[in-house]
Amino acid sequence: MYTPINQWAEDDRPREKFLLKGKSSLSDSELLAILIGSGSRNESAVQLCQRILASANNNLNQLGKLSIAQLTEFKGIGEAKAITIAAALELGRRRRSEDAEELKKINSSKAVFEIMQPIIGELPHEEFWILYLNNSNKVIHKAQLSKGGITGTVVDSRIVFKTAFEQNATSIILTHNHPSGKLAASQADIEITKRLKLAGEQLEILILDHIIITETGYYSFQDDGIF
């Protein structure tokens, strides 16, 4: 039988638990319950959030991919609550992105992954980004070059190197994501990389690496010996 949260023991109420024991003591479902405030006639906010999380395999990254329409399919979740959940998860993603920004110096392919994964690792479409570095291998600028695909027509080398000169960059790292999760370079990836690398050599701007990003991992041309 459903018991309203205000009738629970004080330690079991999410807001009170947050104040008494701190945020780390709360489960993901309890934190979500604080966001939505209330459940439905038949289940508490915590129970509802447990059910929502279970549908996403209890994974917050998967939950963040649910659309507003998908969230409102759960009884007790209207548009306002769905937007609140989506907004909170987007703030979390942006926070991870800002944390990654602190890692400015690139000394490994993993460092690039840590910067770019929060930006493109979970996207449902492909995006091609460029990291521009100074002579100390510190990132001085990053820019999206294309969105929605990766072909020779959308990766414009003129834009890549025009931005490099504007930023006084001495080297570049190419990155793009594979929404499929496949950690392998396609023939198109290889051809684009070779074309940009050749252009960079002529302009004395080095292409240091091309890194493919997925939600959980990365593939480095440099580490794999393609360069």
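Notes on the structure follow. What you are looking at is a predicted structure, and each value in this text was computed from that prediction instead of being measured. (Residues numbered from 1 in each chain as written. Predicted model: local features only at pLDDT ≥ 70, side-chain atom pairs only at ≥ 80, totals over all residues. Heavy atoms only, no water.)

**Quick notes on the pairing of strand β3 (residues 171-177)**
And then number 1: Counting buried residues in β3 gives seven out of seven residues, a clear majority hidden from the surface.
And then number 2: Neither face of β3 is left uncovered, since the one carrying Ser171, Ile173, Thr175 and Asn177 and the one carrying Ile172, Leu174 and His176 both have all their residues buried.
And then number 3: Summarising the sheet, strand β1 (residues 127-133) and β3 pair through six bridges and their orientation is antiparallel. Following the sheet pairing, leucine 133 is matched in β3 by serine 171.
And then number 4: Both β3 and strand β4 (residues 206-213) contribute to a ladder of seven bridges, which runs parallel. Note on β4: the bridge partner recorded for isoleucine 172 is isoleucine 207.
And then number 5: For the segment spanning β3, helix α9 (residues 187-203) and β4, crossover handedness is right-handed. (Buried < 20%, exposed > 50% of the residue type's maximum accessible area, 1.4 Å probe, protein only. Helix = DSSP H or I, 4+ residues; strand = E, 2+ residues; numbered from the N terminus. Pairing = 2+ DSSP bridges. Right-handed = clockwise from strand over helix to strand, strands pointing away.)

**A look at the sheet that holds strand β5 (residues 218-220)**
And then number 1: The five strands lie next to each other as β2-β1-β3-β4-β5, forming an open sheet whose pairing is mixed. A single partner strand is all that each edge strand has here, and the edge strands are β2 (139-147) and β5. Shown here is a sheet whose adjacent strand axes are inclined to one another by a mean of 20°, direction ignored.
And then number 2: Where β1 meets β2, seven bridges bridge the pair, whose relative direction is antiparallel. Considered in β2, the bridge of tryptophan 129 is made with glutamine 144.
And then number 3: Across the sheet, helix α7 (residues 109-120) lies against β1, β2, β3, β4 and β5, angled at about 55° from β4, the strand it touches most.
And then number 4: Across the sheet, α9 lies against β1, β3 and β4, angled at about 160° from β4, the strand it touches most. (Axes fitted to C-alpha atoms, helices over the stretch in contact; angles between N-to-C directions. Contact = heavy atoms within 4.5 Å.)

**A word on the packing of helix α2 (residues 28-36) against helix α3 (residues 45-55)**
And then number 1: Where α2 meets α3, the axes come as close as 8 Å, and the angle between the chain directions of the two elements is 120°. For the element pair α2 / α3, the angle class is oblique. The hand of the α2/α3 crossing is right-handed. For the pair α2 and α3, the contacting residues are Asp28, Ser29, Glu30, Leu32, Ala33 and Ile36 in the first and Ala45, Val46, Leu48, Cys49, Gln50 and Leu53 in the second.
And then number 2: For the contact of α2 with α3, a count of residues per class yields eight nonpolar, two polar and two charged. (Parallel < 35°, antiparallel > 145°, perpendicular 65-115°, else oblique. Left-handed = near helix turned anticlockwise from the far one by under 90°. Nonpolar A, V, L, I, M, F, W, Y, C, P; charged D, E, K, R; others polar.)

**Thoughts on unusual backbone geometry**
And then number 1: At asparagine 57, a position not held by glycine, the phi torsion is positive, near 60°.
And then number 2: Note that asparagine 57 resides in the loop between α3 and α4 (60-63).
And then number 3: Assessed through its relative accessible area of 63%, asparagine 57 is described here as exposed.
And then number 4: The phi dihedral of asparagine 137 is positive, around 60°, even though this residue is not glycine.
And then number 5: Mapped onto the elements, asparagine 137 comes out in the loop between β1 and β2.
And then number 6: Assessed through its relative accessible area of 28%, asparagine 137 is described here as partly exposed.

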